[in-house]
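Chain by chain, the residues:
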Amino acid sequence: MRKVLLFLALGIAVMAKTQTIVFAAGCFWGVEKHFEHLDGVKSATSGYAGGNYDNPDYKKVLAHRKSKKNVINYAESVKVVYDDSKISTKSLIKSFWELHDPTQGNRQGNDRGDNYRSALYYTTDRQKEIALSTKKIYQKLLNKAGYGTITTEIKPLKKFYPAENYHQDYLEKNPFGYCPNHATGVKFGKQKAATGTILPLGGKEIVVIDALHCRFCEKFKKNVTDHYNGTLPLRTVHQNALKGFTLNTKIEGTPTILFIKDGREVESFVGYMDEKAFYKAVGAFKLGKDSEGYDVAFRKSTDGRFCKKYDEFKHTGDGVFRDKISGDILFDTRDRFNSGSGWLSFFKAVDGATVQKEDNSFGMHRVEIIAKKSGAHLGHVFNDAPGGRQRFCINATILEFVPRDHIKKQLKK
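Residues numbered from 1 in each chain as written. Predicted model: local features only at pLDDT ≥ 70, side-chain atom pairs only at ≥ 80, totals over all residues. Heavy atoms only, no water.

A. Region of the structure containing the overall build of the chain. Scanning the chain from terminus to terminus reveals 11 helices and 21 strands. Radius of gyration (C-alpha) of the chain: 28 Å, far over the 22 Å computed for a compact globule of 413 residues. Dimensions of the chain along its principal axes, counting C-alpha atoms only, are 85 × 60 × 45 Å. When burial is assessed residue by residue, the chain has 50% of its 413 residues classed as buried. Restricting the contact set of the chain to residue pairs at least 6 apart, pairs at least 24 apart contribute 70%. Of the roughly 21000 Å² of accessible surface on the chain, 51% is carried by carbon and sulfur atoms. In the chain, 67 positive and 46 negative side-chain charges are present, and the distance between their average locations comes to 6 Å. (Helix = DSSP H or I, 4+ residues; strand = E, 2+ residues; numbered from the N terminus. Rg over C-alpha atoms; globule rule 2.2 N^0.38 Å. Buried < 20%, exposed > 50% of the residue type's maximum accessible area, 1.4 Å probe, protein only. Contact = heavy atoms within 4.5 Å. Areas by Shrake-Rupley, 256 points an atom, 1.4 Å probe, with all protein chains shown as cover. Lys, Arg positive; Asp, Glu negative; His and termini not counted. Charge placed at Lys NZ, Arg CZ, Asp CG, Glu CD.)

B. Inspection of the packing of aromatic side chains at higher detail. Counted under the stated rule, the structure contains 24 aromatic pairs. Judged by centre distance (5.0 Å) and plane angle (70 degrees), the ring pair of F278 and Y279 falls under edge-to-face. An identical accessibility class is assigned to F278 and Y279; each is buried. Between the aromatic rings of F306 and Y310, the centroid separation amounts to 5.6 Å while the plane-to-plane angle is 75 degrees, which identifies the pairing as edge-to-face. Grouped by ring-pair contacts, the aromatic residues F23, F35, F96, W97, Y138 and F188 constitute a single cluster. When the ring centre of F285 is taken as origin, the NZ or CZ atom of K204, which lies over that ring, is 5.2 Å away. (Phe/Tyr/Trp six-rings, centres within 6.5 Å; stacked < 30°, edge-to-face > 60°. Lys NZ or Arg CZ within 6 Å of the ring centre and 35° of its normal.)

C. Just the packing of helix α8 (residues 275-287) against helix α9 (residues 292-299), in detail. Running from N to C, α8 and α9 cross one another at 165 degrees; their axes reach a closest spacing of 9 Å. When the axes of α8 and α9 are compared, the pair comes out roughly antiparallel. Along this stretch, α8 crosses α9, giving a crossing that reads as left-handed. The residues of α9 that touch α8, namely those facing Y279, K280, G283, A284 and L287, are G293, Y294 and F298. Counted by class, the contact of α8 with α9 contains five nonpolar, two polar and one charged residues. (Axes fitted to C-alpha atoms, helices over the stretch in contact; angles between N-to-C directions. Parallel < 35°, antiparallel > 145°, perpendicular 65-115°, else oblique. Left-handed = near helix turned anticlockwise from the far one by under 90°. Nonpolar A, V, L, I, M, F, W, Y, C, P; charged D, E, K, R; others polar.)

D. Broad picture of unusual backbone geometry. Residue N55 is not a glycine yet carries a positive backbone phi of 50 degrees. Counting through the fold element by element, N55 comes out in the loop between β2 (41-49) and α3 (58-63). Judged by its relative accessible area of 53%, N55 is exposed. The phi dihedral of K300 is positive, around 55 degrees, even though this residue is not glycine.

E. Focus on α9. Within α9, burial applies to G293, Y294, V296, A297 and F298. The buried residues of α9 occupy an angular sector of 165 degrees when the element is viewed end-on, so they sit on one face. Looking at the buried side of α9, the elements it contacts are α8 and β19 (377-385). Of the residues flanking the end of α9, it is K300, one or two places downstream, whose phi is positive at about 55 degrees. (Arc of directions from axis to C-beta.)

F. Structural detail: the sheet that holds strand β10 (residues 234-238). Strand order across the open sheet formed by four strands is β10-β9-β11-β12, with mixed pairing between neighbours. Two strands close off the open sheet at either side, each with one partner strand: β10 and β12 (264-270). Here the strands of the sheet are splayed against their neighbours by 25 degrees on average, with no regard to which way each runs. Inspection of the sheet shows strand β9 (residues 204-210) paired to strand β11 (residues 256-261) by six bridges, in the antiparallel sense. Bridge pairing links E205 to I260 in β11. (Pairing = 2+ DSSP bridges.)

G. Spatial organisation of the nonpolar core. Ranked by internal contacts, the top residues of the largest apolar core, which has 46 residues, are F278, I325, F331, I398 and L399. For this core, the leading source of residues is α8, giving seven residues. Ignoring anything within four residues of it in the chain, the contact list for I325 reads G230, Y279, V282, G283, L287, A297, F298, S374, A376 and I398. Formed by 40 residues, the second largest nonpolar core is a distinct cluster that contains Y48, Y58, Y82 and F188. (Core = buried A, V, L, I, M, F, W, Y, C linked by side-chain atoms within 4.5 Å.)

H. Fine view of helix α5 (residues 125-144). For α5, with 20 residues, the first-to-last C-alpha span of 29 Å sits near the 28 Å given by 1.5 Å per residue. If you check which residues of α5 are buried, you get Q127, I130, A131, T134, Y138, Q139, L141 and L142. G146 occupies a position one or two residues after α5 and carries a positive phi of about 95 degrees. (Expected span 1.5 Å × (residues − 1).)

I. A look at the pairing of strand β18 (residues 366-371). Among the six residues that make up β18, five are buried, leaving the element largely enclosed by the rest of the structure. Note: strand β17 (residues 354-359) against β18, six bridges, orientation antiparallel. By the bridge assignment for β18, K357 is matched with E368. Remark: six residues form the turn of the hairpin made by β17 and β18, two consecutive strands paired antiparallel; F362 in that turn has positive phi of roughly 55 degrees. With antiparallel pairing between neighbouring strands as the criterion, β18 and β19 make up a hairpin whose turn holds five residues, including G375 at a positive phi of roughly 80 degrees.

J. Representation of the state of the cysteines in the model. Applying the stated criterion across every chain, the model contains zero disulfides. Of the cysteine sulfurs around C307, a residue in no disulfide, the closest is that of C393, at 11 Å. (Disulfide = S-S within 2.5 Å.)

K. Quick look at the side chain of K324. Here K324 shows up in the loop between β13 (319-323) and β14 (329-332). Look at K324: it is buried, it has no salt bridge, and the nearest opposite charge is E400 at 5.9 Å. Only 3.1 Å separates the side chain of K324 from the backbone oxygen of T397, close enough to count as a polar contact. Other than its neighbours up to four places away in sequence, K324 contacts K286, L287, K309, T397, I398, L399 and E400. (Salt bridge = Lys/Arg side-chain N within 4 Å of Asp/Glu carboxyl O. Polar contact = N/O pair within 3.5 Å; in protein donor to acceptor, adjacent residues only side chain to side chain.)

Put into C-alpha cells, the structure is as follows:
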C-alpha cells in the first residue's frame, strides 16, 4: 500500500510540473518552431484559439480575417506544453513578447488580418498574473525604443483546435518555408537589441538575416559563417536592423543571405545553404559568373600558360597564397619553385587546406586539387618535381597573394 501511495504521489508531482499555455504571434509555423526548440518545452502544436464559431479550419479562418458583426475569428496559435521545473512560466512568456511585435493590432508585418493578431491564452491564474506584469514592463521598454501601445489579447483559454496535419512541424518538413522575423529587437533588461542598426558599407558585402531561435540560422552560423575568412565583409543581423538598403527580396524566411553592392541587393538566397553552395554563390558574386576566375574555380577551366596572374605571382616576396573565395590560406611561398611549366608550382599545399580527387577527364589520369572549404578547382598534382617530390600545378587566377607580415598583423588582431 505504501508503494502504491508513493507511486501516486510521484505521478501527481510530475503532472504538477506540466503546464499548458497558448500563444499567437503571427503565422503559426514560425511560432511553433520557436517554442518547440526551447529546453523544457514538451510539445508545440499549431492550431486555432480565441474565436467563437464551431470547428475552425484554415480555410474558414482565412475567410473570416475581416470578421463580421457577432463573429470573433480565431487566431493562428500554438499550444505549448512545458515542464515548469525546466523552463519557468516567466521565461516562456518573456520569450513570447520578444518573439514578435505586439503593437501591430490585427497583423504581423505583411501578414494582415485578425487571425494574425497577438494573443496569449492562459490556463492558470499564475500565467495570467505573469502575462500582465511582464506586459507592463515590456510596454515601458517598447516605449523607450519608439514603439506604440501593446495590443495583445490576454484571455483565458476556452478551446484550442489543432490545425491540419500539414501545418504541424511545417518548417521541419519545409526548411525553406515561410518564416518571417517580426521581433522588435527589444529585450527584457535591454532597451534595444545588441544588433542595433546597420548601414550599407559601400561596395560589395554579404548580409545574413537571422531570427531568434531559428534552427537553420544556428546551423548556418555553426557550419558556415563561424568559419568565414573571405575578404568580402559579412554581417549577420535581424531584419529590423537594416537601414538604407534597397532590397528586391521580401524577407519571408531565415536565414536569408543577401549579396549587396553599394547598398542594393544583387542576389539573395533563402534558407539553409551548405558550405559548398554558399561559396559557389560567393564566387559568382565576387568574381562574376562570366569571369576567368569563376571558370577555373567552378567550371574546371585552366589558366593559359604564362598568364598575366602567373607573371604577377611568380616572383612575389615572402608570403602566402589564399583562396580568392573563402580567404583560406592554401599555399606558402616557401614551398614554391619554378618548374618552367608556365603555371605556379608548389611542393605541397598547406596542411588540411585542400583535398585530392582522381580526375580521368580528357582521357588522362590525373589527381585534381580542390580547395577544401570553397570546393574550388585549383589544378592538379604530378610526381615530377625535383628530387622525386610532388608538383602542385596551380591556376593563379583563383589565388590572392598576401605578404607574410600582413598575415601576422591580422593574427595579432
